[in-house]
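Listed here are the chains, written in short residue letters.
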Amino acid sequence: MRIVIAGGSGFIGKKLTQYLYEKGHDVIVLSRKAETITGAISHIKWLVDEAKPEKLLKSVDVFINLAGVSINAGRWTEKHQKEIYESRMTATDELLRIIAALDEKPSVLINASAIGIFPPSETNIYTENSKEVANDFLSRTVGDWENKAGTVAEYGTRPVFMRFGVVLGNEGGALPLMALPYKLFVGGPVGSGKQWVSWVHVEDVVRAIDFCIENQHIRGPVNVTAPNPVLMDDFGRSIAAVTHRPHWLPVPALVMKLVLGKKSALVLEGQKVIPNVLVNQGFRYQFPNLSCALMDLLK
């Protein structure tokens, strides 16, 4: 297949580009940087210098939208929140414009999303059928992002919203920062420790995206989390066990709020999210349990 990826230079994007290339697909990365249009992995400019990438895109089967300012970078000031929101809206608008300009429409648009659309809870269990949504910045961003991307259905293109949980990997995501205190022998419970962590190994993320491309009956929200979420305290204890470090020094919620500001909600609050769509459709996880995921990443 010919697959176009927006946001191919990010943590997940790099892994996904290499994975799809190794499966034999032609991968085109939309980039603000240098343009190369030779080989099985091409880079085409977009969002700069009035670029018109649609002129170079023919017979595209799949569009994947991972573009947007990282929610993990920097404090959530009003300016940064605006950048997070507008980068996603701008990129999605441009992808929709490109698709509208193509004579042959792609069969599917895989659009990044997040489980942050759900309200924090220590007791609720959320699936793709859950209707509850939070009333906060992240949830509003996710909701508007999905609604905008969903309009691609007007062209006969199947929309899929990959609601990522806490993605674990060594090259990015939350794990390096979460593991650092343990490596320094100062790891311990964060906040109450009773908040849920709906995690997923980055290798299962890229395989789940590929799974949703190939299974043409999957559409709409897909929770991209492992089937076994854990409490934050248990997450920390698992890191301690794998790294052979103590789990002893608590990090009060007040300290996290002082250090991270509004972004502290990412670690102090959580949701128990179950990936019913992936499980029911037969997706096979390489890392269904946290211990095996951490062994792979931290050993």
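In the block above lies the structure referred to throughout.
Calculation criteria
Residues numbered from 1 in each chain as written. Predicted model: local features only at pLDDT ≥ 70, side-chain atom pairs only at ≥ 80, totals over all residues. Heavy atoms only, no water. Helix = DSSP H or I, 4+ residues; strand = E, 2+ residues; numbered from the N terminus. Rg over C-alpha atoms; globule rule 2.2 N^0.38 Å. Buried < 20%, exposed > 50% of the residue type's maximum accessible area, 1.4 Å probe, protein only. Areas by Shrake-Rupley, 256 points an atom, 1.4 Å probe, with all protein chains shown as cover. Axes fitted to C-alpha atoms, helices over the stretch in contact; angles between N-to-C directions. Parallel < 35°, antiparallel > 145°, perpendicular 65-115°, else oblique. Left-handed = near helix turned anticlockwise from the far one by under 90°. Contact = heavy atoms within 4.5 Å. Nonpolar A, V, L, I, M, F, W, Y, C, P; charged D, E, K, R; others polar. Pairing = 2+ DSSP bridges. Core = buried A, V, L, I, M, F, W, Y, C linked by side-chain atoms within 4.5 Å. Polar contact = N/O pair within 3.5 Å; in protein donor to acceptor, adjacent residues only side chain to side chain. Arc of directions from axis to C-beta. Phe/Tyr/Trp six-rings, centres within 6.5 Å; stacked < 30°, edge-to-face > 60°. Lys NZ or Arg CZ within 6 Å of the ring centre and 35° of its normal.

Chemist: Mind showing me how you'd approach the overall build of the protein here?
Modeler: The helix and strand inventory of the protein stands at 10 helices and 13 strands. For the protein, whose C-alpha radius of gyration is 19 Å, the value lies close to the compact-globule estimate of 19 Å for 299 residues. Viewed in the frame of its principal axes, the protein has a C-alpha envelope of about 60 × 40 × 40 Å. For the protein, with 299 residues in total, the buried portion stands at 51%. Total accessible area computed for the protein in this model is approximately 14000 Å², and 53% of it derives from carbon and sulfur atoms.

Chemist: Can you walk me through the packing of helix 6 (residues 232-243) against helix 10 (residues 290-298) in this structure?
Modeler: Two quantities define a packed helix pair, namely the angle between the helix axes and the distance between the axes. The geometry of helix 6 relative to helix 10 is characterised by a closest axis approach of 10 Å and an angle of 45° between their N-to-C directions. The orientation of helix 6 with respect to helix 10, classified from their angle, is oblique. Crossing handedness for the pair helix 6 and helix 10: right-handed. Across the interface between the two elements, F235, S238, I239, V242 and T243 from helix 6 touch L290, S291, L294, M295 and L298 from helix 10. Broken down by class, the residue content of the contact of helix 6 with helix 10 amounts to 7 nonpolar, 3 polar and no charged.

Chemist: Sorry, what's going on with the sheet that holds strand 3 (residues 41-45) here?
Modeler: Overall, parallel pairing links the 7 strands, which are arranged 3-2-1-4-5-7-11 in an open sheet. Lying at the two open borders of the sheet, with one neighbouring strand each, are strand 3 and strand 11 (220-224). The mean inter-strand angle of the sheet, taken between neighbouring strand axes irrespective of direction, is 25°. One ladder, built from 4 bridges, connects strand 4 (residues 62-65) with strand 5 (residues 108-114); its direction is parallel.

Chemist: What's the story with the nonpolar core in this structure? I'm lost.
Modeler: Ranked by internal contacts, the top residues of the largest apolar core, which has 34 residues, are I64, I110, M162, F164 and I209. Ranked by residue count, the leading element in this core is helix 5 (residues 202-214), at 8 residues. Excluding anything up to four places from it in sequence, I64 contacts I3, V4, I5, A6, L16, L20, I110, I209 and I213. With 23 residues, the next largest nonpolar core counts Y182, F235, A240 and L290 among its residues.

Chemist: Just to check I follow, could you spell out the environment of R88 for this structure?
Modeler: In this fold, R88 is placed in helix 2 (residues 78-101). Spatially, the C-alpha atoms of R88 and T141 are 8.4 Å apart, while their sequence positions differ by 53 residues. With residues up to four places along the chain from it excluded, the contact list for R88 reads A67, G68, V69, I71, T141 and W145. Reaching out from R88, the side chain makes a polar contact with the backbone oxygen of V69 at a distance of 2.7 Å.

Chemist: Help me understand helix 4 (residues 175-183), please; the structure alone is not making it clear to me.
Modeler: A turn of α-helix holds 3.6 residues, and therefore any two residues three or four places apart point the same way. Of the residues making up helix 4, those classed as buried are L175, M178, A179 and Y182. Axial view of helix 4: buried residues confined to an arc of 85°, hence all on one face. Of the surrounding elements, those touching the buried residues of helix 4 are strand 8 (166-168), helix 6 and helix 10. F185 lies just past helix 4 and shows a positive phi near 65°.

Chemist: Which parts of the structure should I look at to understand the side chain of H201?
Modeler: With respect to the helices and strands, the residue H201 is situated in strand 10 (residues 199-201). Under the relative-accessibility criterion, H201 is labelled buried at 1%.

Chemist: So what exactly am I meant to see when it comes to the packing of aromatic side chains here?
Modeler: Between two aromatic rings, the relevant description is the distance of the centres plus the angle of the planes. Per the stated rule, a full pass over the model turns up 4 aromatic pairs. Considering the side-chain rings of F211 and F283, the 5.3 Å spacing of their centres and the 65° angle between planes classify their relative orientation as edge-to-face. Here the residue F211 occupies a position in helix 5, and F283 occupies one in the loop between helix 9 (276-280) and helix 10, the gap between them amounting to 72 residues. With respect to class, F211 is no different from F283; both count as buried. Each ring, one from F283 and one from Y285, has its centre 4.9 Å from the other, and the planes form 80°; the classification is edge-to-face. An aromatic cluster of at least three residues, connected via ring pairs, comprises F211, F283 and Y285. The ring of W145 is capped by R88, whose NZ or CZ atom sits 5.1 Å from the centre of that ring. Directly above the aromatic system of Y155 lies the positively charged group of K105, at a separation of 5.2 Å from the ring centroid.

Scope: geometric values only; no functional claims are made or implied.
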